[in-house]
Amino acid sequence: YRESERKYLIARETYYKNVTLTSQSEAIKQGQELIKSRSKVLHSYFSYLQKDLENTLGIQLQDKVVMLNKLGTILSDLESADRNAGTIQSRAQLNDIFNQLNLQQGNYKRVAYSALALIKIGQLQSAIDQSLATREMVSVWLTEANLTASSRAKKEQGLAEVDGLIQNARNNLSEVIRHWQ
């Protein structure tokens, strides 16, 4: 992408200096390549986010579906931009497409950050779920273990501390989710 951008900037500057049809044609060609490269880079990134989100456990299904739809829309937009880049015939068309892409940039960032946050929320929820399962296994072991009264009391005290930590993690995650929404 950076190489395409560099070539476009050189071609554009050459056109501004010379203002010839050849330099204009080269600037348009390099603009097309830049748009295609940009679309491919962003498509790869948003495809990664989509796959990561699909594979992340611990996310509310409704939130996951909404975010996957947003990512799907962006991917479709990027595919359209890639296809449309080849149809550019004039400087005005190139400027229109660049302006449209710049307008979409803010939305792309918001969706990307929201998707990343949702993935992290899912990972945190999964960690809490695993902690609860592990805590339950320890609790079962405690009830079945042949321990002295003092040893059992210490382990039960430790288990109570773990319960408090898990509850704090749940509360913190609830707060994060409330702010995310």
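You'll find the structure just up there.
So, here is what we can say about the structure in this document. (Residues numbered from 1 in each chain as written. Predicted model: local features only at pLDDT ≥ 70, side-chain atom pairs only at ≥ 80, totals over all residues. Heavy atoms only, no water.)

1. Describing the overall build of the protein
Applicable threshold: Put simply, DSSP H or I for four residues or longer makes a helix, DSSP E for two residues or longer makes a strand, and each gets a number counted from the N terminus. With C-alpha atoms as the basis for the radius of gyration, the globule rule is written as 2.2 Å multiplied by the number of residues raised to the power 0.38. Partly exposed describes any residue whose relative accessible area lies between the buried limit of under 20% and the exposed limit of over 50%, with all areas from a 1.4 Å probe on protein chains only and scaled to the type maximum. We call two residues contacting when some pair of their heavy atoms lies within 4.5 Å. Using a 1.4 Å probe, the Shrake-Rupley method yields the accessible areas, and only the shown protein chains count as cover for residues. A positive count includes Lys and Arg, and a negative count includes Asp and Glu. His and the chain ends are not counted in either. Taken as the charge location is NZ of Lys, CZ of Arg, CG of Asp or CD of Glu.
If you tally the helices and strands in the protein, you get five helices and zero strands. Going residue by residue from the N terminus, the α and β elements of the protein occur as α-α-α-α-α. For a compact globule of 181 residues, the expected C-alpha radius of gyration is about 16 Å, and the protein comes in at 27 Å, more than 25% above that figure. Counting only C-alpha atoms, the protein reaches 95 × 30 × 25 Å along its principal axes. Of all 181 residues assigned to the protein, the portion counted as buried reaches 30%. Look at the contacts in the protein between residues 6 or more apart in sequence, and 74% of them connect residues 24 or more apart. In the structure as shown, the protein presents an accessible area of about 11800 Å², 52% of it carried by carbon and sulfur atoms. In the protein, 23 side chains carry a positive charge and 19 a negative one; their mean positions are 5 Å apart.

2. A few points about a nonpolar patch on the surface
Filter applied, for reference: Patches in this entry comprise residues that are over 30% relatively accessible and not in a salt bridge; like charges within 9 Å are linked, as are nonpolar side chains (Val, Leu, Ile, Met, Phe, Trp, Tyr) within 5 Å. One side-chain nitrogen of Lys or Arg within 4 Å of one carboxyl oxygen of Asp or Glu is enough to make a salt bridge.
Where nonpolar side chains cluster on the molecular surface, the patch consists of Y45, Y48, Y113 and L116 and spans about 440 Å² of accessible area. Structurally, L116 is set in helix α4 (residues 91–144). The partly exposed category is assigned to L116, whose relative accessible area is 33%.

3. Notes on the packing of aromatic side chains
The condition that has to hold: Only Phe, Tyr and Trp rings take part, Trp by its six-membered ring, and two of them pair if their centres are within 6.5 Å. Stacked means planes under 30 degrees apart, edge-to-face means over 60, and tilted covers everything else.
All chains considered together, the criterion is met by four aromatic pairs. Between Y15 and Y16, the ring centres sit 5.9 Å apart and the planes meet at 50°, which makes this aromatic pair tilted. Residues F46 and Y108 carry aromatic rings whose centres are separated by 5.8 Å and whose planes lie at 65° to one another, so their mutual orientation is edge-to-face. One end of the pair, F46, is in helix α2 (residues 21–55); the other, Y108, is in helix α4, with 62 residues separating them in the sequence. Across the pair, exposure class does not vary: F46 and Y108 are buried alike. Of the aromatic side chains, those joined through ring pairs into one cluster are Y45, F46 and Y108.

4. A word on the pattern of salt bridges
The tally for this structure, following the rule as stated, stands at five salt bridges. Between E13 and R12 there is a salt bridge; the shortest N-O distance is 3.8 Å. Its relative accessible area of 37% is what places E13 among the partly exposed residues. Assessed through its relative accessible area of 27%, R12 is described here as partly exposed.

5. Things to note about the environment of I121
Locating I121 in the fold gives a position in helix α4. The exposure class of I121 is buried, given its relative accessible area of 7%. Beyond its immediate chain neighbours, meaning those up to four positions away, I121 contacts L173, V176, I177 and W180.

6. Topic: the nonpolar core
Stated precisely, the cut-off is as follows: Among the buried residues, those of types Ala, Val, Leu, Ile, Met, Phe, Trp, Tyr and Cys that are joined through side-chain atoms within 4.5 Å form a nonpolar core.
One finds F46, L49, L53, M67 and L71 to be the most contacted residues of the largest nonpolar core, which totals 17 residues. Of all the secondary structure elements, the ones that give two or more residues to this core are α2, α3 (61–85) and α4. The residues contacting L53, other than those within four sequence positions of it, are I59, K64, M67, L68, L71, L118 and I119. Counting residues in hydrophobic clusters, the runner-up holds 11 residues, among them Y8, L34, L94 and L101.

7. Let's talk about helix α5 (residues 149–180)
We apply this condition: By this rule, a helix spans an expected 1.5 Å times one less than how many residues it contains.
End to end, α5 covers 46 Å across 32 residues, agreeing with the expected 46 Å (1.5 Å per residue, within 8%). Residues L159, I166 and L173 constitute the buried set of α5. The inward-facing, buried residues of α5 contact α4.

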